[in-house]
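Remarks on the overall topology
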Amino acid sequence: MQISHNKVVSLTYELRLDGPEGEVIQVTDKKDPLVVIYGTGQLLPVFEENILHLTSGAHFSFLLNEKDGYGEFDPNAIIDLELSMFAQDGQIDHQMLTPGNTIPMSDEHGNHYHGRVMRVDEQTVKMDFNHPLAGKTLHFSGDITDVREANPEELSHGHVHGPGCHHH
């Protein structure tokens, strides 16, 4: 069966920075494959284009530039926030504000973001809201391990149920 819209696709992959010899960032293997419904926005659009029409057992290998990956690095996504914004019951959790930590946040419109703490001083917290892989060239290689029809319940919920399901 070929990969197409609304098929359940199981795949393993290795993600490297810059090319096939680059630093390994993420690996999924046969014990815990990535299982998604194709065409529902769970994969990067150009990733989907690269695996369209592949069948179970097929191998893939491709490069995504920053535009097709997680976007260009945006210096405007680095902002200073008032330290007082992080107070809970009047207390600042300095452990949470350790540089390198990622903190889920939301804006006044209810949009959710993940910000990485860069620096903390007496008044402000410098946060980076870029995706950690923004501005990076990504190389994916892997194998399609299974392709099947999605059942009606999976389609109505927009995600896979059963083994390989990462929604709890």
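Since we're looking at a predicted model, the values are computed, not measured. (Residues numbered from 1 in each chain as written. Predicted model: local features only at pLDDT ≥ 70, side-chain atom pairs only at ≥ 80, totals over all residues. Heavy atoms only, no water.)

**Side note on the overall build of the protein chain**
Rule in force here: Strands here mean DSSP runs of E at least two residues long; helices mean DSSP runs of H or I at least four residues long; both are numbered from the N terminus. Throughout, radius of gyration means the C-alpha value; the globule benchmark is 2.2 Å times the number of residues raised to the power 0.38. Think of it in three bands: residues with accessible area under 20% of the maximum for their type are buried, residues over 50% are exposed, and the middle band is partly exposed, with areas taken using a 1.4 Å probe on protein chains only.
In terms of regular secondary structure, the protein chain is built from two helices and eleven strands. Along the protein chain, from the amino end to the carboxyl end, the secondary structure elements read β-β-β-α-β-β-β-β-β-β-β-β-α. Compactness check: the protein chain gives a C-alpha radius of gyration of 19 Å against a globular reference of 15 Å for 168 residues, more than 25% above the reference. On the principal axes, the C-alpha backbone points of the protein chain span a range of 60 × 40 × 30 Å. In the protein chain, which comprises 168 residues, the share counted as buried stands at 36%.

**Some thoughts on the pairing of strand S9 (residues 112-120)**
Here is the rule we go by: What makes two strands pair is DSSP finding at least two bridges between them.
Relative to S9, strand S8 (residues 102-106) runs antiparallel, the two sharing five bridges. From the neighbouring strand, Met105 faces S9, where its bridge partner is Tyr113. Between S8 and the antiparallel strand that follows it, S9, lie five residues; Gly110 among them carries a positive phi value of about 85°. Summarising the sheet, S9 and strand S10 (residues 124-128) pair through four bridges and their orientation is antiparallel. Counted as the bridge partner of Arg116 is Asp128 from S10. The hairpin formed by S9 and S10 contains three residues between the paired strands.

**What to know about the pattern of salt bridges**
Charged atoms that come close allow side chains of opposite charge to pair. Under the convention used in this document: Each reported salt bridge corresponds to a side-chain nitrogen of Lys or Arg within 4 Å of a carboxyl oxygen of Asp or Glu.
The final tally for this structure, using the stated rule, is seven salt bridges. Across the pair Lys31 and Asp29 runs a salt bridge, and its minimum N-O distance is 3.7 Å.

**Structural notes on the sheet that holds S8**
In plain terms, the rule: Lines fitted to C-alpha atoms define the axes here, with helix axes fitted over just the stretch in contact, and angles between the N-to-C directions of these axes take values from 0 to 180 degrees.
An order of S5-S10-S9-S8 is seen for the four strands of this open sheet, with the pairing classed as antiparallel. Edge strands, defined here as strands with exactly one partner in the open sheet, are strand S5 (78-82) and S8. Across the sheet, the axes of successive neighbouring strands diverge by a mean angle of 45°, strand direction being ignored.

**Considerations on the layout of surface pockets**
Rolling a probe over the atoms, with the probe sized like a water molecule, indicates the empty space that remains. Filter applied, for reference: Residues are called lining when one of their atoms sits within 4 Å of a cavity or pocket point, these points coming from a 1 Å grid over the protein atoms alone, where a cavity is a set in which a 1.4 Å probe fits but cannot get out and a pocket is an open set with protein on both sides within 12 Å along at least five of seven lines. Grid points are joined across faces, edges and corners, and a volume is the space filled by probe spheres set on the points.
If you add up the space inside the largest pocket, you get close to 240 Å³. Together, 13 residues line the largest pocket, and Tyr13, Gln26, Leu34, Tyr70 and Phe140 are the ones closest to its centre. When contributions to the lining of the largest pocket are tallied by element, the ones reaching two or more residues are strand S1 (7-17) and strand S2 (24-28).

**A short note on the pairing of S2**
Alignment of S1 against S2, held across four bridges, turns out to be antiparallel. For Arg16, the partnering residue across the bridge sits in S2 and is Val24.

**Digging into the packing of aromatic side chains**
Keep this limit in mind: Centre distance within 6.5 Å is the pairing criterion for rings of Phe, Tyr and Trp, where only the six-membered ring of Trp is used; planes under 30 degrees apart are then read as stacked, over 60 as edge-to-face, and the remainder as tilted.
All told, the structure shown has seven aromatic pairs when counted by the stated rule. Consider the rings of Phe47 and Phe62, whose centres lie 5.1 Å apart with planes at 80°: the pair is edge-to-face. Residue Phe47 is found in helix H1 (residues 45-51), and its partner Phe62 is found in strand S4 (residues 59-64); the two are separated by 15 residues along the sequence. You can call Phe47 buried: its relative accessible area is 3%. Note on Phe62: relative accessible area 7%, which makes it buried. Members of the aromatic cluster, each reached through a chain of ring pairs, are Tyr13, Phe47, Phe60, Phe62 and Phe140.

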